[in-house]
Each structure stands twice: as C-alpha cells, then as structure tokens.
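Inside the fold
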Amino acid sequence: MNSVGVGSLVRVLSKNSEMQLPKKKSYRVLAGVAVSLIMIPCALVVGYISFIMTEALIEADNPGGGMLFEMQILSAFSMIFGILVIFSVLFFSSDREHLVTLPIPSHHLMLGKFLYAYIAESIMEFLVLVAVFGGYLVAIAKNLGLAKALNPVSLIASISGIFLIPLVPMIYSAIFSLILMAALSRIKSVKLFYRTSTLFLLLFAALFVYSLRSMGEVNMENYVESLGGGENLFLETLNVIFFPVPWLGEAVSRGNILYFLLYLIGNAGLLAILYFLGKALYQKGLYTAAGLGTVKKQRVKDRDIVMSSPFVSCLKKELRVILRTKAFSANTAFINLIWPVGTFLLFHFTGDKGALKSFIRMYDLGKERADMILLMVIVSVAFIATALNSVASTSFTREGQHLDLIKFIPVPYRTQMLAKAAVSFIFTYPALIATDIIICIYVHVPVITGILFALLMLAAHVISIIVGMSLDSSSPYIEWDDEYSALRGNLNVFFNMAIMMVLSLIVVLLGLLIYELLLLPVMVFYIALSLILFGAAVRMVKVWPDLIIDNMKNLGQ
C-alpha cells in the first residue's frame, strides 16, 4: 500500500471538500459562539451521563458497562448515518470522473476517499468520545482511587478509542457499499441501496425497543440495572456486531494490555478486509456508478417541460432538488418529522409516569411555573427545528457550481428568494404546528393558548429562516463534491444553529428574569416575548430581504 500517496489524497480531499471559514470578523465570532453553545455543552452533557452511569455501575461491580454502552450507541449511530455518506463519497462525488483518470490505483483512491470521509464524519464524535472516557475516568478516580484511573494501559486505550471507535462502523459501511454496488451492476437502480440503509435504521430502532420488553417501567434506573447485570439484549447484539469494542472496554476498565492489543488487531484486520475488497470491487463499482448516472440523466431528459409562473417554477425547482436528492430529502425535509413523532412517542409512553406526569399535573393545577416552562420549550423548538433542518441555511449552497444562474435567469431576485423561503416554510412549519397540537392535547392546553403558541412558533420560524438565508447568501458554499458535503461541510448550517441556540437561551433567561427574579406574573413573560418575537419578525421581513437580494447580486464577486 502506498501510504504516502493515500495520505496525500486524503489531504487534497479534505482541503477541497470542506467550506473554509470566511475571513469576515463576524464569522470568527460565530465560530466561537457555535463551539461554546453547541460542541462544548454537548460534550459536557455526555461526560456527565458517563460519570453518573459509571458511578451507578460501580455498585454492580461492572464499572465499564456504561462506557461500553455509550461506545456501542455511538458505533450504531455512526453506521446508520455514515453509510449514505460513505456510499456517496465513494461512488457519486463530483470529482469521480477527474480522479479515475489519474495514475492512482483504484483501491488506493477508495482508501483515500474512505479515510477522508471517516475523518470528516467523526470530528464531532471524537469530542463526544473525549467526554465519554473523561466522565468514566473521573468517576473511577472519585470512587476507586486516582491510581486506578491513571493506569497507563487504561489511558492509552482511552486515547486510542477516541479516534478508533468510529472506524469499525465506517468500515462496515464501506464494505456494504462495495458489495451492494457490485450487485447494482445488474439491477441498475440506486434506490435499492437507500432503502437498505433505511432498513438498518429500523432494525437498530426495533432492537432497542425490543430490549425494553422485560424491564417493566422504562426508566434510567432499570436500564442501568440491565447493563450492570449483562442482560441488555440491545447491548449484547451490538457487542457481536461491533465485536472489537468490548475488547477496548476490557482494556480501559481492567487496564489489560492483551485486550488492547486484541482491539488494535481487530481494527487492523477489518481495515485489511476493506482494502482487499476494494482492490477487487471498487473499479467495477465506479463503472456501475457511471452507468447509473447515465440512466438517471436520460430519464430526466426525456420528460416533458411544463410552463408555470416564475414563482411556481422556482418553487417546483427547489422542491425537486430537495426531494429527488437523498441527502437533501433525508436531512432537510424528512428530518422535520422527528418533532411531531418524537413528541407523540414521548407523551404516549411516558406521559403517565415520572417527571412528565408531574409536569402535566402541575400545569393542570394552574401553576404559572409550568406555563413559563412550556412557553420556553415551544419557542425554543421553533428556533432549533428550523435551524436543524438547514433548508434555509443551504438555500444558495444547494445551487452548487450553478449558483451564477441566479443572476442570469429571467426571474427577479425577490421571486427566487421568496421561493427559497417558501420551501423552508413548507417543510418546517406544518411539523411545528403538529408538534404544538400534540403538546396541547397531552398537556391540556386551552385552544386560545395553543393558537398563541402556533403564532409564536411562526415568528421564531420566520426569524430563523431569514437568518439562515442571510448567512448562506453572504458566503455560500459552492465547491462541494457531493450533497452530503454541502450539508456536512457547510459552516452556515453550524452558525445558524449557534445563533438559534443563543436566541433560545435568551428566551429562557428572559423567562427566568421576569418570573423568578422580578417575581412578575407569567402573563408579563407572555406579553414581553410576544412583543419581542412579533416585532423582530416584522422588522426582519421588512428590512432583511433587501440585504439578501444585495448578497444575491454580489454572488461570485
């Protein structure tokens, strides 16, 4: 294996496939805000969970059980969300036709693309794993002594695990992609792959739900007990699928060097299998990918063109780009379903027990604190849901290298901008309304209050759309290789989420200030928040579209 050549290829792909931070001072500030309000808080929460689970499992004489469970959960998520990325990077990135003509062995090209995707997809997971091992080691130091936590083998194994835990699921994803692409050479339909990846998600989810069947009441205490007793079917199954991970767990918890070496050998063996499988199948897979692309283009070319009004035409174009592109449809359109579906499942299965039951009872009794909390949650969900789906913050990025067409097609800038805003509204606001209705039904919120919630969500939604479109029109990311890069490597998505997190935090602080510190009635919080959100939304609708249009005029300059 020419490691130098593969390493150079990884560096080139990394440099050309991620959005560079714009040189504007505002973007550096946004980067700091994003790290402070997204990455670090997520890591702290995970670290705390790891600490609590380890302390609980020390009493069950299985201190590494919680850490192992977290590592396996991360492995499962890496495979679920990484499989489509690996498939796209290996076979459908825009640089495919250029790279295959270079004097690079196809399996070296495959390995370079795989390593690039592995690093790019795992950056956030590396930080989370730091928190997992950090929480575990702190709990061990507190309860079993500093010497136990500072065991050299445990420390070295922990550091290695930070960078290697995502490797096995990504290798599985690449192997699966190679094998299935070989099968697609006869089927001539890439939809089979996407449906199979969805099947993995459903299987993991079904397995997790099935593992809860013997617990009685589903809560953290019972789940931790199942981990401590080694009776958790979900964990047992993942231990078989991602078999090197338990060896790492033993190496960290026991300080056993033999298990650590076994873990390294397991990873190396799987990587070798990927290498030789790529040598046998990758070139054939590239030919299949080229053929699938030709078939797809021919189907599109043969369809009739129907004339519509400029706005309707632009809106149809936006909808087609999103719904016909797997990366966009899954990550920007259908992701909105997690809010109503997740809310329904939360209330349906846990609404009559635990903290949620206490909250509903508190609201029924007319406690103003419950009213304040519910209002905070409703508005925060609207901010975060709009930013999370990234429809607005990729409005111009989705154009890719055809971005200049915005200037030359015979459609006014404002019409194009309104179409991009409308598609975000179409995909997001109905899901927010559904979430509002579900919450109001289960919490017994009056109809008038539910309507007010819907209007406040609309104001927050509009603010988030305008902020996202402003960011993306100011510095669109157009040099992406595939659609997943347009989402994953787009800093505008990250920054928009950071801004919405700040706004959600302001909503929470405003409520605490008015109700908890100034001891004013919760109605004052309702009035103040309504005036602020409606006023900000109206002001932004009047002023900011002109700023976005100015950015559109300056695109490419």
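Residues numbered from 1 in each chain as written. Predicted model: local features only at pLDDT ≥ 70, side-chain atom pairs only at ≥ 80, totals over all residues. Heavy atoms only, no water.

Our focus in this paragraph is the nonpolar core. Counting 72 residues, the largest nonpolar core has Phe91 and Phe114 as the members making the most contacts within it. At 17 residues, the largest contribution of residues to this core is made by helix H5 (residues 106-144). (Core = buried A, V, L, I, M, F, W, Y, C linked by side-chain atoms within 4.5 Å. Buried < 20%, exposed > 50% of the residue type's maximum accessible area, 1.4 Å probe, protein only. Helix = DSSP H or I, 4+ residues; strand = E, 2+ residues; numbered from the N terminus.)

As a further point, take the confidence of the model for the chain. Of all residues in the chain, 82% have pLDDT values of 70 or greater, and the mean over the chain is 83. In this model, residues 294-302 is a region of pLDDT below 50 whose contacts with residues beyond four sequence positions or in other chains number one contact. (pLDDT = per-residue confidence, 0-100. Contact = heavy atoms within 4.5 Å.)

Remark: helix H3 (residues 65-91) packs on helix H11 (residues 233-241), axes separated minimally by 10 Å, with the N-to-C direction vectors making an angle of 65 degrees. Taken together, the axes of H3 and H11 lie roughly perpendicular to each other. Of the two elements, H3 crosses H11, and the hand of that crossing is left-handed. Here Leu68, Phe69, Gln72, Ile73 and Ala76 of H3 lie close against H11, whose contacting residues are Phe234, Leu235, Leu238 and Asn239. Taken together, the residues of the contact of H3 with H11 sort by class into seven nonpolar, two polar and no charged. (Axes fitted to C-alpha atoms, helices over the stretch in contact; angles between N-to-C directions. Parallel < 35°, antiparallel > 145°, perpendicular 65-115°, else oblique. Left-handed = near helix turned anticlockwise from the far one by under 90°. Nonpolar A, V, L, I, M, F, W, Y, C, P; charged D, E, K, R; others polar.)

With that settled, consider empty space enclosed by the protein. Empty pockets left among the atoms are what a rolling probe the size of a water molecule brings to light. What the rule picks out here adds up to two cavities of 30 Å³ or more. If you add up the space inside the largest cavity, you get close to 40 Å³. Residue assignment for the lining of the largest cavity shows that the elements contributing at least two residues are helix H14 (310-323) and helix H20 (413-443). By residue number, the principal contributor to the lining of the largest cavity is H14, which donates three residues. (1 Å grid on protein atoms, 1.4 Å probe; cavity = no way out; pocket = protein on both sides within 12 Å on 5 of 7 lines; lining within 4 Å. Points joined across faces, edges and corners; volume = space filled by probe spheres on them.)

Turning our eyes to something else, we now look at H14. An ideal rise of 1.5 Å per residue puts 20 Å on 14 residues; H14 measures up with 20 Å between its terminal C-alpha atoms. Those residues of H14 that sit buried are Cys314, Leu315, Glu318 and Ile322. Buried residues of H14, viewed axially, fall in a sector of 100 degrees; they line one side. Buried residues along H14 sit against helix H15 (326-333) and H20. (Expected span 1.5 Å × (residues − 1). Arc of directions from axis to C-beta.)

Applying the stated rule across the entire model yields nine salt bridges. Taking the shortest distance from any N to any O, the salt bridge between Arg398 and Glu318 comes out at 3.0 Å. Of this pair, Arg398 sits in the loop between helix H18 (368-388) and helix H19 (405-408) while Glu318 sits in helix H14; the two residues are 80 residues apart in sequence, bridging distant segments of the chain. Each of Lys317, Glu318, Arg398, Glu399 and Lys420 takes part in a single network of salt bridges with overlapping partners. (Salt bridge = Lys/Arg side-chain N within 4 Å of Asp/Glu carboxyl O.)

Note on placement: Thr435 falls in helix H20. Judged by relative accessible area, which is 1%, Thr435 ranks as buried.

With that out of the way, let us pick up the side chain of Ser253. As for its placement among the helices and strands, Ser253 is situated in helix H12 (residues 244-254). What makes Ser253 buried here is its relative accessible area of 15%. Within the structure, Ser253 has its side chain in polar contact with the backbone oxygen of Gly249 (distance 2.8 Å). If sequence neighbours within four positions are ignored, Ser253 has contacts with Gly64, Tyr136 and Lys148. (Polar contact = N/O pair within 3.5 Å; in protein donor to acceptor, adjacent residues only side chain to side chain.)

Another point: the packing of H20 against helix H24 (residues 522-553). Two numbers describe how H20 lies on H24: the axes approach to 10 Å, and their chain directions differ by 110 degrees. Here H20 is positioned roughly perpendicular relative to H24, judged by the angle of their axes. Read as a crossing pair, H20 and H24 show a hand that is right-handed. Here H20 contributes Tyr413, Arg414, Gln416 and Met417 to the contact with H24, which in turn contributes Pro545, Asp546, Ile548, Ile549, Met552 and Lys553. Of the residues belonging to the contact of H20 with H24, the class tally is six nonpolar, one polar and three charged.

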